[in-house]
Amino acid sequence: FERLYPNAISYSALILACGKAEQWQQALAIFGEVLSGDFRITQSIFNAATNACGNSLCATEALWLLEERWRQRVSYDTQSYNDVARACGGSGYFDQAIRITEQMLHHRLQPDIVTSTAIIGACRISGRWQLGCCCVEESAINGIVPDAIFRSAVTSLHQQALQWQAALSTLQGKFGGLDE
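This report concerns the structure included in the present document. Here the structure is a predicted model, which is why all the values come from computation and not from measurement.

Quick look at the overall build of the protein now. Helices and strands together make up the secondary structure of the protein, namely ten helices and zero strands. For the protein, the sequential pattern of α-helices and β-strands runs α-α-α-α-α-α-α-α-α-α. Relative to its full complement of 180 residues, the protein shows a buried share of 45%. Counting contacts in the protein only where the partners sit at least 6 residues apart, residues at least 24 apart contribute 62% of the total. Carbon and sulfur atoms make up 54% of the accessible area of the protein, which totals about 9,900 Å².

In structure tokens, the structure reads:
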């Protein structure tokens, strides 16, 4: 039999599998092996690692991956920023989550519905509902079409702000210019 050598696809798949199994430490250990080896690290490997951190809400590690991506000169993409925003917002790194949009725009990436939902969630959890409402308005300006998850995040934000009329409007699909 011919010996098979790992490649970007096999490493990405292995890291993703670890992430889905909530084994983020193992995912980052494999990422570390790739990083320290003679293997060219790719966008898909970084995305798999940031996804593992996003799923496990490991903000410090996700932020480190963004920095390492810059050091390795691997291009940024919306998916990895969304994973980092989710990790930061879900683990108490609210300021970093909120700054993700700025970083994306700096790298000429347009925030999408996943980004907006993560940022709105971070604003709600941190008690910054006014900032969250600004994010909802910004989403409308950027033409983001709401889905059920986005609507749920916006409704929760309005509930926290004791804005029952806005929450009702959200459920009816009439909010911030985001009507379907």
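Both the distance between ring centres and the angle between the ring planes are used here to describe each pair of aromatic rings. A full pass over the atoms with the stated rule returns four aromatic pairs. Aromatic pair Tyr11 and Phe39: ring centres 5.2 Å apart, planes at 65 degrees, arrangement edge-to-face. Note that Tyr11 is positioned in helix 1 (residues 8–20) and Phe39 in the loop between helix 2 (24–36) and helix 3 (43–56), a separation of 28 residues in sequence. Residue class for Phe39 comes out partly exposed when judged on its relative accessible area of 25%.

This brings us to the side chain of Thr117. Positionally, Thr117 belongs in helix 7 (residues 113–125). The class of Thr117 is buried, set by a relative accessible area of 14%. Ignoring anything within four residues of it in the chain, the contact list for Thr117 reads Ile149, Phe150 and Ala153.

Right, let's get into the environment of Ala87. Along the chain, the position of Ala87 falls in helix 5 (residues 78–90). Classification of Ala87 as buried rests on a relative accessible area of 0%. Each C-alpha atom of the pair Ala87 and Leu63 lies 8.9 Å from the other, and the pair is 24 residues apart in sequence.

This structure, assessed with the given rule, holds four salt bridges. A salt bridge links Arg71 to Glu68; the shortest N-O distance between them is 2.9 Å. One end of the pair is Arg71 and the other is Glu68, both in helix 4 (residues 59–71) and three residues apart, which spans about a single turn. Given the relative accessible area of 8%, Glu68 is considered buried. A salt bridge links Asp77 to Arg69, with the shortest nitrogen-to-oxygen separation between them at 3.7 Å. Here the two residues Asp77 and Arg69 agree in accessibility, since each one is buried.

A few words now on the side chain of Asn82. Residue placement: Asn82 occurs in helix 5. One polar contact links Asn82 to Thr115, side chain to side chain, over a distance of 2.3 Å. When residues no more than four places from it in sequence are discounted, the contact partners of Asn82 are Asp112, Val114 and Thr115.

Attention now moves to the environment of Val74. Inspection of the secondary structure assignment puts Val74 in the loop between helix 4 and helix 5. We classify Val74 as buried; its relative accessible area is 10%. Sequence separation between Val74 and Thr42 is 32 residues; the distance between their C-alpha atoms is 6.7 Å. Excluding residues that lie within four positions of it along the chain, Val74 makes contacts with Ile41, Thr42, Gln43, Phe46 and Arg69.

Rules of the game
Residues numbered from 1 in each chain as written. Predicted model: local features only at pLDDT ≥ 70, side-chain atom pairs only at ≥ 80, totals over all residues. Heavy atoms only, no water. Helix = DSSP H or I, 4+ residues; strand = E, 2+ residues; numbered from the N terminus. Buried < 20%, exposed > 50% of the residue type's maximum accessible area, 1.4 Å probe, protein only. Contact = heavy atoms within 4.5 Å. Areas by Shrake-Rupley, 256 points an atom, 1.4 Å probe, with all protein chains shown as cover. Phe/Tyr/Trp six-rings, centres within 6.5 Å; stacked < 30°, edge-to-face > 60°. Salt bridge = Lys/Arg side-chain N within 4 Å of Asp/Glu carboxyl O. Polar contact = N/O pair within 3.5 Å; in protein donor to acceptor, adjacent residues only side chain to side chain.

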